[in-house]
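# Coordinate analysis (summary)
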Amino acid sequence: MDQTICLFLCFKTESPRDLQLALDYWSGSEEAGKWKWNVSVEEVASLHDVKKGDVPKIARGTADAVDLLRRCVECGCPRVFSSRSSLALRVYGEYRCPNCLEGRRLALLERQEKEERGRSARERDHIAELAMRNHIYRYDEISYSDAIISFGIMLASDEACELGTFHDSEGLHLCPRAGLSSKLLARLFNNGILRMSSTTPIQAVVLAEDGTWSYYPHRVSWRFADDADGRSFPKIMSLLGEMLDAREDDPGYYEAVDELWWKLGYDDALQYLEQEVDNYRLPDVQVGPKTEGAIRHALENFSIPQCRREITNVVKNAAALSQHRDFARRHALNTIPGNLINYVDRAISEGWQISPLLRNWQNEEPVLTTVLFNRVLGTGLPGFKTFSGKFLSTMSQI
Ligand SMILES: [Zn+2]
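Residues numbered from 1 in each chain as written. Predicted model: local features only at pLDDT ≥ 70, side-chain atom pairs only at ≥ 80, totals over all residues.

## Considerations on the overall build of the chain
Along the chain, the regular secondary structure elements total 16 helices and 12 strands. Computed over C-alpha atoms, the radius of gyration of the chain comes to 35 Å, more than 25% over the 21 Å expected from 2.2 N^0.38 for 398 residues, which places it beyond the range of a compact globule. Residues classed as buried in the chain amount to 30% of the 398 residues present. Contacts in the chain between residues at least 24 apart in sequence constitute 70% of all its contacts with a sequence separation of at least 6. (Helix = DSSP H or I, 4+ residues; strand = E, 2+ residues; numbered from the N terminus. Rg over C-alpha atoms; globule rule 2.2 N^0.38 Å. Buried ≥ 20, exposed ≤ 12 C-beta atoms within 10 Å, placed from the backbone. Contact = placed C-beta atoms within 7 Å.)

## Quick notes on the packing of helix H6 (residues 144-156) against helix H10 (residues 253-279)
At their nearest, the axes of H6 and H10 sit 8 Å apart, and the two run at 55° to each other. In terms of their interaxial angle, H6 and H10 are classed as oblique. From H6, Tyr144, Ser145 and Ile148 reach across to H10, where they touch Tyr253, Ala256, Glu259 and Leu260. Grouping the constituent residues of the contact of H6 with H10 by class yields 5 nonpolar, 1 polar and 1 charged. (Axes fitted to C-alpha atoms, helices over the stretch in contact; angles between N-to-C directions. Parallel < 35°, antiparallel > 145°, perpendicular 65-115°, else oblique. Nonpolar A, V, L, I, M, F, W, Y, C, P; charged D, E, K, R; others polar.)

## Here's the deal with the sheet that holds strand S7 (residues 165-166)
The strand order across the open sheet formed by 3 strands is S7-S11-S8, and the pairing between neighbours is antiparallel. In this open sheet, the two strands that pair with only one neighbour each are S7 and strand S8 (194-196). The pairing of S8 with strand S11 (residues 222-224) spans 3 bridges and is antiparallel. Bridge pairing in S11 links Leu194 to Phe224. (Pairing = 2+ DSSP bridges.)

## Remarks on the pairing of strand S5 (residues 78-81)
As judged from the 4 bridges shared by strand S4 (residues 63-71) and S5, these two strands associate in the antiparallel manner. By the bridge assignment for S5, Ala65 is matched with Phe81. The antiparallel pairing of S4 with S5 creates a hairpin that spans 6 residues between the two strands, and Gly76 there sits at a positive phi of about 80°.

## Topic: the nonpolar core
One finds Ile148, Phe151, Ala269, Ala298 and Leu372 to be the most contacted residues of the largest nonpolar core, which totals 73 residues. Taken together, domain 2 (104-245) and domain 3 (248-398) each give at least three residues to this core, which thus spans both. When neighbours within four sequence positions are excluded, Ile148 is seen to be in contact with Leu244, Ala256, Leu260, Val371, Leu372 and Val376. (Core = buried A, V, L, I, M, F, W, Y, C linked by C-beta atoms within 7 Å. Domains from an automatic or database assignment.)

## Describing H10
Look at H10: 38 Å from first C-alpha to last across 27 residues, which is about the 39 Å you get at 1.5 Å a residue. Just downstream of H10, Arg281 is the residue with a positive phi angle, here 55°. (Expected span 1.5 Å × (residues − 1).)

## A few points about the environment of Ser303
Checked against the element boundaries, Ser303 lands in the loop between helix H11 (289-301) and helix H12 (304-322). Since 22 C-beta atoms lie within 10 Å of it, Ser303 is described here as buried. Sequence separation between Ser303 and Lys385 is 82 residues, and the spatial gap between their C-alpha atoms is 5.9 Å. The residues touching Ser303, leaving out its near neighbours within four places in the chain, are Pro356, Phe384, Lys385, Thr386, Phe387 and Ser388.

## What about the domain arrangement of the chain?
Where interface size is quoted, it is often the accessible area lost as the parts come together. Once the domains are mapped, the chain shows domain 1 (7-86), domain 2 (104-245) and domain 3 (248-398). Each of domain 1 and domain 3 has a C-alpha centre, and the two are 74 Å apart.

## Describing unusual backbone geometry
In this structure, Asp49 is a non-glycine residue whose phi angle is positive, near 60°. Tracing the backbone through its elements, the reader meets Asp49 in the loop between helix H2 (41-48) and helix H3 (55-62). Taking the number of C-beta atoms within 10 Å as the measure of exposure, Asp49 has 7 and is therefore exposed. Of note in the backbone geometry, Arg247 takes a positive phi value of approximately 40° without being a glycine. Structurally, the position occupied by Arg247 is in the loop between helix H9 (233-245) and H10.

## Overview of the pairing of strand S2 (residues 28-31)
Within a regular strand, side chains alternate between the sheet's two faces. Across 4 bridges, the pairing between S2 and strand S3 (residues 34-37) is antiparallel. Across the sheet, the residue bridging to Glu30 is Trp35, located in S3. Between the end of S2 and the start of S3, which pair antiparallel, lie 2 residues, with Ala32 showing a positive phi angle near 50°.

## Considering the sheet that holds S5
Ordered by their spatial adjacency, 3 strands build an open sheet running S1-S4-S5, and the pairing between neighbours is antiparallel. The open sheet terminates on both sides in strands that have one partner only, identified here as strand S1 (7-11) and S5. Strand-to-strand twist across the sheet, computed as the mean angle between neighbouring axes with direction ignored, equals 40°. Across the sheet, helix H1 (residues 16-26) lies against S1 and S4, angled at about 165° from S1, the strand it touches most.

Structure, rendered in structure tokens:
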């Protein structure tokens, strides 16, 4: 529905030419509920010998055009029009003038900032409280698998080895993907080995309204707990290294090797799968039980870098398939798990030599992968190229 307008001019200058221009510019009336202008802007321009583009500016400078029927609900000042086109803008509901709108916006901002400050203070307090946990740890009683992870962190970060602290934990490249390293960091925190430093940024911790909390392990400023026997951090690292070297003499050895190999292998395979799918611009991978089962089947029978090769080949075939007409890209993606299982089975039955897909062993493989093979298994790269899940399980039965 059209709105009735009662246009009123409030002059701001006394120049007769400009007064007449403003009057001509704003003169109009309502006809059958529609506003009609008496003179077009072109005509106003030629009548007063000014450029067409300057007309609204001169009119604005000469008079405030207001609608006496629409007033700001807060301050009562009438609605001001800046040009003819603003007259066409409908106001729905209550009208607020630009000044009052700005005031509201500032008040809202201030309220949000105040809430934010309150929230930050609560999170700060919470971090300070968390930083009180895990002050001291008995490193000589650490489990074999926690020793591997802790040793890997100290190997990757000089700061962690010298001072016990580390910040950019994602940049340490402990695991193929950030999700797994987050989980391992959380495990060391839960087991009392890592502490949150009080300098942890508040963005690392999320406090829910109901008092529960969660955190982003990669955003935390971490610190190793102090040793109960007073060892310095470099001494703690030597102790961890000696423990790793005990290998099968440690009762937790085989279980730790098995767990870490599978975790790293699965994570590595997923990373390869995502990377290859992305290379061929197929839609995002959604990892369901079928994909998980296919990857586990491949790892059971082949080494981690051989699985990379198998995944690469299978994704390449899916990408070729997706080029066919009538073959949806999503469908091509769905063929990957089944084809990976078939590929692995054929490779076994026909005795294919699957050549491992390798990166630079020293600089490009994840830290925990190299620690596992170099230090824990003692095989280095050759073991990485050949050890499969099946092989690992026979190892522990010797
Ligand atoms: Zn107002």
